[in-house]
Amino acid sequence: MERSDQMFKVRAAELRKILVELGPDLIQPSYLDELSLLQDRITPFSTEVALDTIEKELGLQIDELFSEISPEPVAAASLGQVYQARLRRSGQVVAVKVQRPGVQAAISLDILILRFLAGVVKKAGKFNTDLQAVIDEWASSLFREMDYRKEADNGLKFRRLYGGIKDVFVPNINMEHTTRRVLVMEWVEGQKLSEVKDLYLVEVGVYCSFNQLLENGFYHADPHPGNLFRTYDGKLAYIDFGMMGEFKQEFREGFIEACLHLVNRDFDALSKDFVTLGLLPPTAEKEAVTKALTGVFQDAVAKGVQNISFGDLLGNLGTTMYKFKFQIPSYFSLVIRSLAVLEGIAISSDPNYKVLGSTYPWIAKKVLTDSSPQLKSSLQALLYKDGAFRIDRLESLLTESLRARTEKAFVKIQREEANSRMVFKEILSFTLTEKGSFVREILIEEFAKGLDALGLATLDSLTSAATTRIPFTGSSVSFMSKEDMINLRTFHRLMFLLAGLESNKKSFEEVNGVGNPNNNQSAYLEESSLLSYQPALVSEILAMLSIIPELPPELQQQLLRLPADLARRLISRASARTIQRIFL
């Protein structure tokens, strides 16, 4: 009846009244406990039918296959149920999953009904999102899950890609005894992750999940508490590989860029990222979207990356999504579902846990080390604006990337202040590796600019001292331009960054007013301040150089090549400036 805007307000008011009547808990804990049993405590089908299915599928009698098997299923879900057994040939204890009879026909009918309803809802509600495509994406994943041979392939691939991650356990699949309706895999002893409140394993799970999404694009799309176990030797075990997803390279890079731009409050770039990810149509008004996103996210990111909640971000985005006709691409539904489930598990262990705060270090590390031309271009755009180097953003990325740990000892260390020696060693080691080559090039270029500016500042200082001793001479002319002053400040901040002297850097800036846009000191006084602090800085840097012998030989060799490269760039800058001053 063309009254959708008016009725949205009416329905919203009705919903508010209903929620108030329901009270503070929408779903009582007792109900949640019962609903959680749907993960692995659905009423099982007959064991006699299950054993008959095993014999028909594998072509052998139960006694020939197993020396023992549990009389009743140890777990039962919507698609199948699991028995514990011991292989007669090898004696290995295994989990035997048997598909529920008639499940394929039942689900096919459900999908048909859902697709019809989605078409009606989309048409009546004038949704931008293709609801039928979203259902198709989910349904195709569900149908693949019903073929246990596909699940077995998924399990083997998952084990190959992620089984080597520290404190992650992926059971092996017995392909010899796996068919379309029967799957045999290594038995896992442990407890549900949600029952043990192990925050360290939650951290491992977050790392593993983002490794799946951002590194390889092959990810577990159903990491609910029934599928994640804590083994008795303290590892995170994945036990179900039916529902997996593929995250294409261009979307992985778009997701990384979106997180990067969000944290750095680059909302103009963020609006473009939403177009890349397919969340916004290319015809969307970019300026209006940028303004809206600034209003939505400005406060959320003001507290720092470690305090950003995915839930808060999505909640704040709701009104903007309606206004600008956001759409949910079909591929994105499984990704969001995976992250939402994982965040729920994390919050159950620690209500104050922030998933983005835990994962952003990996995003920072990824953007600093990845060889992708797209991410290199993003890093370049992030660090430079109108040709000016943004040292604060490099500081943030390097600092965050150093928090990217999985080892138990480092999980504790990352919550403490790292000492300057360790910080310097970490940064130096990173920049000297092949993965750090792009950042190394940026640093060498900025060091060359800084050393060049330092030479000019020293010349200014000597000239000024000489003219003060000669009577009747006017004030000396500075050799430094405004750009040189900026380069000199950047050089000092780089030196502090590499030495890990955060507190000294703050003290230096507070005393001398360096970098303060409201400071009214003359260029000469600012230049003098920079030079006067130099002896202490040099002393600190020399002390840090004692770390160099601790580096691996190949990194020491790489370090020896840097002075020649730096000298070449300095000579190039000095020559260009000399020519410019002669002819201009």
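Residues numbered from 1 in each chain as written. Predicted model: local features only at pLDDT ≥ 70, side-chain atom pairs only at ≥ 80, totals over all residues. Heavy atoms only, no water.

## Some details on the overall build of the chain
Stage number 1. Along the backbone of the chain there are 25 helices and 13 strands.
Stage number 2. Roughly 30700 Å² of accessible area belongs to the chain as shown, and the carbon and sulfur atoms make up 56% of that amount. (Helix = DSSP H or I, 4+ residues; strand = E, 2+ residues; numbered from the N terminus. Areas by Shrake-Rupley, 256 points an atom, 1.4 Å probe, with all protein chains shown as cover.)

## Side note on the pattern of salt bridges
Stage number 1. The tally for this structure, following the rule as stated, stands at 20 salt bridges.
Stage number 2. Connected via shared salt-bridge partners are E441, E445, D565, R568 and R569. (Salt bridge = Lys/Arg side-chain N within 4 Å of Asp/Glu carboxyl O.)

## Things to note about the side chain of R440
Stage number 1. Tracing the backbone shows R440 in helix α20 (residues 437-469).
Stage number 2. Engagement of the side chain of R440 in a polar contact is seen with the backbone oxygen of L432, the distance being 3.5 Å. (Polar contact = N/O pair within 3.5 Å; in protein donor to acceptor, adjacent residues only side chain to side chain.)

## With respect to the pairing of strand β4 (residues 93-99)
Stage number 1. In terms of burial, β4 is largely enclosed, as six of its seven residues are buried.
Stage number 2. Here seven bridges tie strand β3 (residues 80-87) to β4, and the two strands are oriented antiparallel to one another. Residue pairing in the sheet places R86 in a bridge with V93 of β4.
Stage number 3. With antiparallel pairing between neighbouring strands as the criterion, β3 and β4 make up a hairpin whose turn holds five residues, including G91 at a positive phi of roughly 80 degrees.
Stage number 4. Looking at chain direction, β4 and strand β6 (residues 182-186) are connected through five bridges and run antiparallel. Paired with V96 across the strands is V184, a residue of β6. (Buried < 20%, exposed > 50% of the residue type's maximum accessible area, 1.4 Å probe, protein only. Pairing = 2+ DSSP bridges.)

## What to know about the nonpolar core
Stage number 1. Counting residues in each nonpolar core, the largest one holds 95 residues, and the members touching the most others are F297, L368, L394 and L397.
Stage number 2. Ranked by the residues each element gives to this core, the list is headed by α20, at 10 residues.
Stage number 3. Those residues in contact with L394 that lie beyond four places of it in its chain are L368, L383, F389, V439, L443 and L494.
Stage number 4. In terms of nonpolar packing, the next biggest core, distinct from the first, is built from 27 residues, A95, L183, F218 and Y238 among them. (Core = buried A, V, L, I, M, F, W, Y, C linked by side-chain atoms within 4.5 Å. Contact = heavy atoms within 4.5 Å.)

## Section: the sheet that holds strand β5 (residues 168-169)
Stage number 1. Pairing in this open sheet of four strands is mixed, and the strands run β5-β10-β9-β7 from one edge to the other. Strands at the two margins of the open sheet, each flanked by one partner only, are β5 and β7 (190-192).
Stage number 2. Here strand β9 (residues 228-231) pairs with strand β10 (residues 236-238) via three bridges, running antiparallel. Within the sheet, the bridge partner assigned to L228 lies in β10 and is Y238.

## Some remarks on helix α10 (residues 249-263)
Stage number 1. A rise of 1.5 Å per residue sets the reference length of α10, with its 15 residues, at 21 Å; its end C-alpha atoms lie 21 Å apart and thus fit the reference within 8%.
Stage number 2. The buried fraction of α10 amounts to 13 of the 15 residues, a majority that puts the element mostly inside the structure.
Stage number 3. The positive-phi residue at the C-terminal boundary of α10 is R265, with phi of around 60 degrees. (Expected span 1.5 Å × (residues − 1).)

## Some words on the packing of aromatic side chains
Stage number 1. Throughout the structure, instances matching the rule amount to eight aromatic pairs.
Stage number 2. Ring pairing ties together the aromatic residues F158, Y162, Y238 and F241, which thus form one cluster.
Stage number 3. One cation-aromatic arrangement involves K157 over F218; the distance from NZ or CZ to the ring centre is 4.3 Å. (Phe/Tyr/Trp six-rings, centres within 6.5 Å; stacked < 30°, edge-to-face > 60°. Lys NZ or Arg CZ within 6 Å of the ring centre and 35° of its normal.)

## A short note on the packing of α10 against helix α15 (residues 355-369)
Stage number 1. Taken N-terminus to C-terminus, the directions of α10 and α15 make an angle of 110 degrees; their axes are 10 Å apart at the nearest point. Compared by their axis directions, α10 and α15 come out roughly perpendicular. Relative to α15, α10 is oriented so that their crossing is left-handed. Along the contact surface, α10 presents I256, C259, L260, L262 and V263, while α15 presents L356, Y360, I363, K366 and V367.
Stage number 2. When the residues that make up the contact of α10 with α15 are grouped by side-chain class, the tally is nine nonpolar, no polar and one charged. (Axes fitted to C-alpha atoms, helices over the stretch in contact; angles between N-to-C directions. Parallel < 35°, antiparallel > 145°, perpendicular 65-115°, else oblique. Left-handed = near helix turned anticlockwise from the far one by under 90°. Nonpolar A, V, L, I, M, F, W, Y, C, P; charged D, E, K, R; others polar.)

## Brief notes about the environment of I444
Stage number 1. Along the chain, the position of I444 falls in helix α20.
Stage number 2. With a relative accessible area of 8%, I444 lands in the buried category.
Stage number 3. Counting along the chain gives 121 residues from I444 to D565, while the straight-line C-alpha distance between them is 8.0 Å.
Stage number 4. When sequence neighbours within four positions are dropped, the list of residues in contact with I444 reads L562, D565, L566 and R569.

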